[in-house]
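Fold and geometry: a report
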Amino acid sequence: VFSANSTMGETDAEGGDWWLRLVTWWPYSEQWLVVSIAALVHAISLWGPCLIFTLIDKMRWLEDCKLPRERKHMDPKLPKNISRDWDAFIEQIFGTVLLVPLFVYLIFPTFDLVGISIARPAPSLTEMASHMALMILGCDFLFYWFHRAFHHPWLYRFHKKHHEYKATNVWASEYFDVVDIVFNILPGVIPGLVIRTHFVSLMLFTLVRGWQTATSHAGYDLWFDPFNRGIFDGCARRHDFHHSHNAGCYGDWTPFWDYVAGTDGDYRAYWEERERAATAKKNGIHAG
């Protein structure tokens with residue numbers, strides 16, 4: 001089962017390393033262990049938020065966090081929008097059961113190519129935290145440029161399907177053309193391969209990225225979400241604007257690359273105008 005350092009792995013497993021105990025116990029190949037865990041983590045990070053935000057919508061919770069839906073065609077109750085949600089639901093089942101496991105199975109050989117051994121002790125908390133930070137930075141960079149490239153006329157046909165959602169909701173998070181979804185997955189994998197992170201760290205990052213992807217599509221500007229505040233400020237608002245106006249805001253985790261490349265001007269002007277209008281309305285009410 002072990003690809004390298006088998007003796008060391010057996011010694012550490014006997015010493016109590018939880019990850020090596022799991023690898024030792026697993027009766028099949030490392031490749032199938034990786035596929036199984038990755039598929040499970042993806043399913044949790046996708047369907048968990050879908051369940052949470054569907055419940056929030058049905059119960060009408062967090063109404064004060066809802067992002068604006070100013071045009072009639074953005075109404076989620078329109079038959080065409082309901083139909084699209086069902087299409088996305090079916091596609092997410094397909095992605096969970098077949099596409100993601102197949103993708104992981106096919107890229108597994110790159111682990112050996114870059115020198116990542118599955119059978120090594122679980123990473124320390126310090127290593128996990130530092131690698132998480134590096135993977136977020138790497139993913140943010142790659143996603144921005146991949147995403148921006150797919151808005152070029154030559155490539156937009158692969159991305160157009162995702163933009164059928166003019167108003168984001170949680171079902172839009174994985175509503176993609178097959179080519180598009182591959183290039184959405186890669187920014188979350190390549191940085192981990194480059195830094196030769198532990199598989200456990202990569203799965204933790206995948207879990208967090210799944211939540212971040214869902215919340216950036218859910219249609220709620222959550223004040224309590226740590227991945228929507230601080231250096232990640234306005235993540236949900238930025239991506240919602242990207243869908244509603246299809247103008248700029250190509251970034252993923254942070255606004256950094258949009259700011260550097262000057263692709264957030266329309267977004268900033270839009271929200272500045274909304275805030276001015278809200279302030280004027282509030283002052284008018286108070287004056288009356």
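Please refer to the structure placed before this passage.
Residues numbered from 1 in each chain as written. Predicted model: local features only at pLDDT ≥ 70, side-chain atom pairs only at ≥ 80, totals over all residues. Heavy atoms only, no water.

Examining the packing of helix 3 (residues 30–59) against helix 10 (residues 199–217)
Here helix 3 crosses helix 10 at 25°, and the two axes come no closer than 9 Å. Taken together, the axes of helix 3 and helix 10 are roughly parallel relative to one another. For the element pair helix 3 and helix 10, the recorded crossing hand is right-handed. Residues Val34, Ile37, Ala38, Val41, Ile44, Ser45, Pro49, Ile52 and Phe53 of helix 3 lie in contact with helix 10, whose contacting residues are Phe199, Met203, Thr206, Leu207, Gly210, Trp211, Ala214 and Thr215. Split by residue class, the contact of helix 3 with helix 10 holds 13 nonpolar, four polar and no charged. (Axes fitted to C-alpha atoms, helices over the stretch in contact; angles between N-to-C directions. Helix = DSSP H or I, 4+ residues; strand = E, 2+ residues; numbered from the N terminus. Parallel < 35°, antiparallel > 145°, perpendicular 65-115°, else oblique. Left-handed = near helix turned anticlockwise from the far one by under 90°. Contact = heavy atoms within 4.5 Å. Nonpolar A, V, L, I, M, F, W, Y, C, P; charged D, E, K, R; others polar.)

What about empty space enclosed by the protein?
In this approach the atoms are scanned with a rolling probe the size of a water molecule, which exposes any empty space left behind. For the coordinates displayed, the defined rule picks out three cavities of 30 Å³ or more. By volume, the largest cavity is sized at about 730 Å³. His42, Glu174, Asn184, Ile185 and Arg209 are, among the 44 residues lining the largest cavity, the residues nearest its centre. Ranked by residues supplied to the lining of the largest cavity, first place goes to helix 10 with twelve residues. Considering only enclosed or pocket space, the second largest cavity measures out at about 70 Å³ in volume. Every residue along the wall of the second largest cavity is listed here: Pro68, Glu70, Arg71, Met74, Arg237, Asp240, Phe241, Ser244, His245, Tyr270 and Trp271. The set of elements that each furnish at least two residues to the lining of the second largest cavity consists of helix 11 (235–245) and helix 13 (265–287). Sort the elements by how many residues they give to the lining of the second largest cavity and helix 11 lands first, with five residues. (1 Å grid on protein atoms, 1.4 Å probe; cavity = no way out; pocket = protein on both sides within 12 Å on 5 of 7 lines; lining within 4 Å. Points joined across faces, edges and corners; volume = space filled by probe spheres on them.)

A short note on the side chain of Ser117
Here Ser117 lies in the loop between helix 5 (109–113) and helix 6 (125–149). Here Ser117 falls in the buried class, since its relative accessible area comes to 16%. Of the polar contacts made by the side chain of Ser117, one reaches the backbone nitrogen of Ala119; its length is 3.4 Å. (Buried < 20%, exposed > 50% of the residue type's maximum accessible area, 1.4 Å probe, protein only. Polar contact = N/O pair within 3.5 Å; in protein donor to acceptor, adjacent residues only side chain to side chain.)

Notes on a nonpolar patch on the surface
Taken together, the side chains of Tyr28, Trp32, Ile90, Ile93, Phe94, Val97, Leu98, Leu102, Tyr105 and Leu106 present a nonpolar region at the surface, about 1000 Å² in accessible area. For the nonpolar patch, the element with the most residues is helix 4 (residues 79–107), which contributes eight residues. Relative to the elements of secondary structure, Val97 occurs in helix 4. (Patch = residues over 30% accessible without salt bridge, like charges linked within 9 Å, V, L, I, M, F, W, Y side chains within 5 Å. Areas by Shrake-Rupley, 256 points an atom, 1.4 Å probe, with all protein chains shown as cover. Salt bridge = Lys/Arg side-chain N within 4 Å of Asp/Glu carboxyl O.)

Description of the side chain of Gln92
Structurally, the position occupied by Gln92 is in helix 4. Overall, Gln92 belongs to the buried group, its relative accessible area being 1%. Residues in contact with Gln92, not counting those within four places in the same chain, are Leu46, Trp47, Cys50, Val170, Trp171, Ser173 and Glu174.

Notes on unusual backbone geometry
Residues other than glycine seldom take positive phi values, yet Leu62 does so here, at roughly 55°. Leu62 sits in the partly exposed class, given a relative accessible area of 25%. Within the chain, Cys249 stands out as a residue other than glycine whose phi angle is a positive 55°. When you line up the elements, Cys249 lands in the loop between helix 11 and helix 12 (256–261).

Comments concerning the packing of aromatic side chains
What the rule picks out here adds up to 29 aromatic pairs. Seen in terms of ring centroids, Phe89 and Trp171 are 5.7 Å apart; in terms of plane orientation they differ by 75°. Their pairing is edge-to-face. Of this pair, Phe89 sits in helix 4 while Trp171 is found in the loop between helix 7 (156–159) and helix 8 (178–185), placing the two residues 82 residues apart along the sequence. Judged by its relative accessible area of 26%, Phe89 is partly exposed. Centroid distance Phe150 to Phe183: 5.4 Å. Interplanar angle 50°. Geometry classified as tilted. Taken together, the residues span a long stretch of sequence, with Phe150 in the loop between helix 6 and helix 7 and Phe183 in helix 8 at a distance of 33 residues. Judged by its relative accessible area of 6%, Phe150 falls in the buried class. Here a set of aromatic residues connected by ring pairs shows up, and it is made of Trp18, Trp19, Phe108, Phe111 and Phe199. Positioned above the aromatic ring of Trp271, the side-chain terminus of Arg237 is 4.1 Å from the ring centre. Positioned above the aromatic ring of Trp271 is the side chain of Arg274, whose terminal nitrogen or guanidinium carbon lies 5.5 Å from the ring centre. (Phe/Tyr/Trp six-rings, centres within 6.5 Å; stacked < 30°, edge-to-face > 60°. Lys NZ or Arg CZ within 6 Å of the ring centre and 35° of its normal.)

Here we look at the layout of surface pockets
The space that makes up the largest pocket amounts to roughly 910 Å³. As for the largest pocket, its lining consists of 30 residues, and the residues nearest its centre are Asp57, Pro76, Lys77, Asp85 and Asn169. Mapped onto the lining of the largest pocket, the elements with two or more residues apiece are helix 3 and helix 4. Top element by residues in the lining of the largest pocket is helix 4. It accounts for seven residues. Partitioning the lining of the largest pocket into residue classes produces twelve nonpolar, six polar and twelve charged.

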